[in-house]
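Spelled out, the chains give:
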Amino acid sequence: MLSRSKSLSVYVSRLSLGRHHLLQLFHSKSSSGRRRHYLRDDENNDKIRFQKTKEHQEEGYIRLLKSRGQHILTNPRVLDTIVRKSVIKPNDTVLEIGPGTGNLTLRLLQACEKVIAVEIDKRMVEILRSRAAESGLEDRLTVICRDALKIEFPRFDLVVANIPYGISSPLVAKLVFGMNQFRSATLLFQKEFARRLLANPGDSEFNRLAVNVKLVANVEFIMDVSKRDFLPCPKVDSSVVKIWPKAQVPDVDLHEWWAFTRMCFGKKNKTLGATFKQKKKVMELYHLSGKSFCNDENIGSWRQKGKFSHVEVDGDGASDEGGCSSFSCSGVEMSLFREKIVWVLQSNGFEDKRPSKLSNEELLHLLSSFNQAGICFNDHKRTRDANNAILATS
């Protein structure tokens, strides 16, 4: 079928854009035995052959590019369900990302006061405006022809979209960690991505994505959508997921949290003790925390208080003091730093636990314990310099 070749493109007649749900995909074989792909319009029983020449541009065809994730949702039942589950109010402003030819957009325009559609493809923008005008709803539609990941969104109340699969992760991060306040986002994702987003501690799909998103937002499964409900048909099924911001979020440095979860979930099924005893991890954390650690007035009292015993970093008893010179640290300081890391894990009961089994509350507690001990995960100087650079250019 279509998915077997990345170079295969789909062309849809402009004359049929108003009835996408009637277009179906099928194939037949020519006399030479070569497979040909068609679009069939059930209303007129017409056949529109896929073309590989530039003639389609003159004949009024639209080329749908899989490289841009242009899979048009055609099932009216699914489209209606998405709008209904979004709980749109008459005075709402809805943000739609990747509207394509406007099958979902037209339903949103009928349900809300205004739709802001962000579409990177100029050809789709033309179609979108044309269909809105034909329905007499053009006054409610604002189209932004830009990359959704590179612009600052205007004010909106809801997000409702069938987004391109390739930008799912960065787009979700932009929404839940961005400055825009919104009520909810009802989004259509690749099914595998949706499962990862919905996963809970202990699930095989549980991952850093779910941990980070659920720190600040709630996630709810709405429905599965068959790949046959799209034109052209993608390789995989999809799922509709609803995300809405939490009323209260933990008081935590997000840059520190992201760096911490990145380190923990690098090997999510490995015990935290095994992860943090690695020579490379110890040196990385010392590099990030070294100054605050070395300036600790009580650095000499840690052993005296009996908080530490000898700890092997990588399990073989080998010393890595020779590798400390690049960080200008002494062997004593590195040894104390190793022991401090393991003491935090042991004293809080996390040494033998695995990140894939921990809740956000447990992870937050562990991060807080590390920070109180002077152990940092984020390069705060680099973050501060980056923020200053952004402010200087704004």
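Residues numbered from 1 in each chain as written. Predicted model: local features only at pLDDT ≥ 70, side-chain atom pairs only at ≥ 80, totals over all residues. Heavy atoms only, no water.

## What about the UniProt feature "binding site: S-adenosyl-L-methionine" (unreviewed entry) in the protein chain?
And step 1. Under the local residue numbering, the UniProt record ascribes the feature "binding site: S-adenosyl-L-methionine" (unreviewed entry) to His 71, Leu 73, Gly 98, Glu 119, Asp 147 and Asn 162.
And step 2. Tracing the backbone through its elements, the reader meets Gly 98 in the loop between β7 (93–97) and α3 (103–111).
And step 3. Mapped onto the elements, Glu 119 comes out in the loop between β8 (114–118) and α4 (122–134).
And step 4. Ignoring anything within four residues of it in the chain, the contact list for Glu 119 reads Gly 98, Pro 99, Gly 100, Met 124, Val 125, Ile 144, Cys 145 and Arg 146.
And step 5. There is a polar contact of 3.1 Å between the side chain of Glu 119 and the backbone nitrogen of Gly 100. (UniProt positions renumbered as here; feature names shortened; annotations may be inferred. Helix = DSSP H or I, 4+ residues; strand = E, 2+ residues; numbered from the N terminus. Contact = heavy atoms within 4.5 Å. Polar contact = N/O pair within 3.5 Å; in protein donor to acceptor, adjacent residues only side chain to side chain.)

## A word on the packing of aromatic side chains
And step 1. Under the definition given, this model contains twelve aromatic pairs.
And step 2. The interplanar angle of 70 degrees and the centroid separation of 5.9 Å between the aromatic rings of Phe 206 and Phe 265 together place this pair among those described as edge-to-face. Within this pair, whereas Phe 206 is found in the loop between α6 (191–198) and α7 (208–216), its partner Phe 265 is found in the loop between α8 (254–264) and α9 (272–276), the two being separated by 59 residues in sequence. Residues Phe 206 and Phe 265 agree in their burial class; the two are buried.
And step 3. Ring centres 5.3 Å apart and planes at 85 degrees place the aromatic pair Tyr 286 and Phe 337 in the edge-to-face group. Taken together, the positions of Tyr 286 in helix α10 (residues 279–294) and Phe 337 in helix α12 (residues 331–347) put the pair 51 residues apart, joining distant regions of the chain. The pair formed by Tyr 286 and Phe 337 is uniform in burial state, with each residue classed as buried.
And step 4. Stacked on the ring of Phe 153, the Lys or Arg Lys 174 has its end atom at 4.3 Å from the ring centre.
And step 5. Sitting over the face of the ring of Phe 350, Lys 353 holds its NZ or CZ atom 5.3 Å from the ring centroid. (Phe/Tyr/Trp six-rings, centres within 6.5 Å; stacked < 30°, edge-to-face > 60°. Buried < 20%, exposed > 50% of the residue type's maximum accessible area, 1.4 Å probe, protein only. Lys NZ or Arg CZ within 6 Å of the ring centre and 35° of its normal.)

## Comments concerning the pattern of salt bridges
And step 1. With the rule as written, the count across this model stands at seven salt bridges.
And step 2. The residue Asp 92 makes a salt bridge to Arg 183 at a minimum N-O spacing of 2.6 Å. One end of the pair, Asp 92, is in the loop between α2 (76–85) and β7; the other, Arg 183, is in the loop between α5 (168–177) and β11 (184–190), and 91 residues separate them in sequence.
And step 3. For the salt bridge of Lys 191 with Asp 224, the shortest nitrogen-to-oxygen distance reads 3.7 Å. Here Lys 191 is found in helix α6, whereas its partner Asp 224 is found in strand β12 (residues 217–225), with 33 residues between them in sequence.
And step 4. Lys 191 sits in the partly exposed class, given a relative accessible area of 22%. (Salt bridge = Lys/Arg side-chain N within 4 Å of Asp/Glu carboxyl O.)

## A closer look at α7
And step 1. For α7, the tally of buried residues reaches eight of nine residues, placing the bulk of the element in the interior.
And step 2. Residues Leu 209, Ala 210, Val 211, Asn 212, Val 213, Lys 214, Leu 215 and Val 216 constitute the buried set of α7.
And step 3. Among the structural elements, α5, α6, β12, β14 (238–245), α8 and α13 (360–372) are those in contact with the buried residues of α7.
And step 4. The N-terminus of α7 is capped by Asn 207, whose side-chain oxygen sits 2.8 Å from the backbone nitrogen of Leu 209.

## Quick notes on α6
And step 1. Every buried residue belonging to α6 is among Phe 193, Ala 194 and Leu 197, and all of these are buried. Angularly, the buried residues of α6 cover 100 degrees about the axis, an arc narrow enough to put them on a single face.
And step 2. Buried residues in α6 make contact with α5, β11, α7, β12 and β14. (Arc of directions from axis to C-beta.)

## Remarks on the environment of Leu 364
And step 1. Locating Leu 364 in the fold gives a position in helix α13.
And step 2. Sequence separation of Leu 364 and Pro 250 is 114 residues, and the distance between their C-alpha atoms is 8.5 Å.
And step 3. Apart from residues no more than four positions distant in its own chain, Leu 364 is found in contact with Leu 215, Pro 250, Val 252 and Trp 257.

## Some details on the packing of α3 against α4
And step 1. Where α3 meets α4, the closest approach of the two axes is 10 Å, and the angle between their N-to-C directions is 40 degrees. Between α3 and α4, the angle is such that the two are oblique. As for how α3 packs across α4, the hand of that crossing is right-handed. On α4, the residues touching Asn 103, Thr 105, Leu 106 and Leu 109 of α3 are Leu 128, Arg 131 and Ala 132.
And step 2. Across the contact of α3 with α4, the residue classes tally to four nonpolar, two polar and one charged. (Axes fitted to C-alpha atoms, helices over the stretch in contact; angles between N-to-C directions. Parallel < 35°, antiparallel > 145°, perpendicular 65-115°, else oblique. Left-handed = near helix turned anticlockwise from the far one by under 90°. Nonpolar A, V, L, I, M, F, W, Y, C, P; charged D, E, K, R; others polar.)

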